[in-house]
Amino acid sequence: MTPARMADIHAAAFAGHGQVWSAQDIAALLCRNIIHPVCLGQVGFALVQILPPEAELLTIAITPTAQGKGHGRALLAAVLAKAESAGARRIFLEVAADNTAALALYKNALFTQTGRRRGYYRRGEGAPVDAFTLGRDLGA
Ligand SMILES: CC(C)(COP(=O)(O)OP(=O)(O)OC[C@H]1O[C@@H](n2cnc3c(N)ncnc32)[C@H](O)[C@@H]1OP(=O)(O)O)[C@@H](O)C(=O)NCCC(=O)NCCS
């Protein structure tokens, strides 16, 4: 998948969340050899930073018209497999406290909360939203 397609999916999936990643931003991230793309056809992608023994899920997005059909679950499973095969033993991420779809996705994938960052996300004029930090072990 091209960085331009990733940027399109990201913009559509995060519309209203105040997170804008251009194709150039994504291309620059992919130049770093610790950042790996994981793609699901043309409907979704994730970027995961792997620096064994840890990995961090930087973003995951399914294009809105394809959401709710199990693609997110499949993509997250591919991310976990990728991180584990590259030597990571633990993966973590941060998620907005009001992102119910993502929270359900991660809970089903056995992530647990490790912390809370108050007022972490700022979206235009709205009140800031807390971030949860989540993590889970890999392998074993
Ligand atoms: C989060 C996201 C990747 C999930 O992808 P998806 O393809 O819609 O998810 P799936 O259909 O695989 O569903 C996975 C689980 O998430 C939960 N889920 C999905 N959509 C949901 C919704 N709208 N509300 C509540 N739970 C939801 C379900 O529990 C589901 O598992 P189950 O059916 O076994 O119970 C997708 O909604 C998305 O791209 N959102 C915008 C970007 C984003 O918020 N990324 C995460 C940032 S941390």
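Everything here concerns the structure above.
Residue positions are given per chain, counted from 1 along the sequence in the order it is written. Reporting of local features is limited, given that this is a predicted model, to residues whose pLDDT is at least 70; pairs of side-chain atoms are given and counted only at 80 or more, and all residues count toward the totals for whole chains, interfaces and linings. Derived side-chain values reflect all non-hydrogen atoms in the structure, with water molecules and hydrogen atoms excluded from consideration.

1. A word on the packing of helix 1 (residues 3-13) against helix 2 (residues 23-30)
Worth spelling out the cut-off: An axis is simply a line fitted to the C-alpha atoms; with a helix, the fit covers only the stretch in contact. Between two such axes, the angle follows the N-to-C directions and lies from 0 to 180 degrees. Numbering goes from the N terminus for both helices and strands, where a helix is a DSSP run of H or I of at least four residues and a strand is a run of E of at least two. An angle counts as roughly parallel when it lies under 35 degrees, as roughly antiparallel when it exceeds 145, as roughly perpendicular when it falls between 65 and 115, and as oblique in every other case. What makes a crossing left-handed is the near helix being turned counterclockwise from the far one by less than a right angle; a clockwise turn instead makes it right-handed. Only heavy atoms matter for contacts: two residues are in contact if any of them lie within 4.5 Å across the pair.
Their axes nearest at 8 Å, the elements helix 1 and helix 2 cross at an angle of 120°. What the angle tells us is that helix 1 and helix 2 run oblique. The chirality of how helix 1 crosses helix 2 is right-handed. Residues Pro3, Ala4, Met6 and Ala7 of helix 1 touch helix 2, and the partners they reach there are Ala23, Ile26, Ala27 and Leu30.

2. Quick notes on the nonpolar core
To keep it simple, the criterion reads: Residue types Ala, Val, Leu, Ile, Met, Phe, Trp, Tyr and Cys, when buried and joined through side-chain atoms within 4.5 Å, form a set referred to as a nonpolar core. Think of it in three bands: residues with accessible area under 20% of the maximum for their type are buried, residues over 50% are exposed, and the middle band is partly exposed, with areas taken using a 1.4 Å probe on protein chains only.
Core analysis: the biggest nonpolar cluster contains 26 residues, and Leu57, Leu76, Ile91, Tyr106 and Phe111 have the highest contact counts within it. Breaking this core down by element, the ones donating at least two residues are strand 2 (44-51), strand 3 (54-62), helix 3 (71-85), strand 4 (90-96), helix 4 (100-108) and strand 6 (129-137). Among the elements that line this core, the one with the most residues is helix 3, at five residues. Sequence-distant contacts of phenylalanine 111, that is, excluding residues within four places in its chain, are made with Leu76, Leu80, Ile91, Leu93, Tyr106, Leu134, Gly135 and Arg136. Among the nonpolar cores identified, the runner-up in size contains ten residues, and Ile9, Ile26, Ile34 and Ile35 belong to it.

3. Considering the site of the ligand
Selection criterion: Definition of nearness: a residue and a molecule or strand are near each other if at least one heavy atom of the residue lies within 4 Å of the molecule or strand. Here a polar contact is taken to be a pair of N or O atoms separated by no more than 3.5 Å, where protein atoms must pair a possible hydrogen donor with a possible acceptor and residues adjacent in sequence count only if both atoms sit in side chains. Residue burial considers only the protein chains on display, and all accessible areas are found by Shrake-Rupley using a 1.4 Å probe. The classification used treats Ala, Val, Leu, Ile, Met, Phe, Trp, Tyr, Cys and Pro as nonpolar, Asp, Glu, Lys and Arg as charged, and all other residues, Gly among them, as polar.
With respect to spatial proximity, 21 residues lie near the ligand, and among them Gly68, Gly70, Gly72, Arg73 and Asn99 are the closest. The separation between a nitrogen atom of the ligand and a polar main-chain atom of isoleucine 60 is 2.8 Å. When the ligand sits alone it has 920 Å² of accessible area, and the protein chains cover 72% of it. Elements that contribute at least two residues to the shell around the ligand include exactly strand 3, helix 3, strand 4 and helix 4. Looking at the shell around the ligand, the element that brings in the most residues is helix 4, giving six residues. Tallied by class, residues from the shell around the ligand come to eleven nonpolar, seven polar and three charged.

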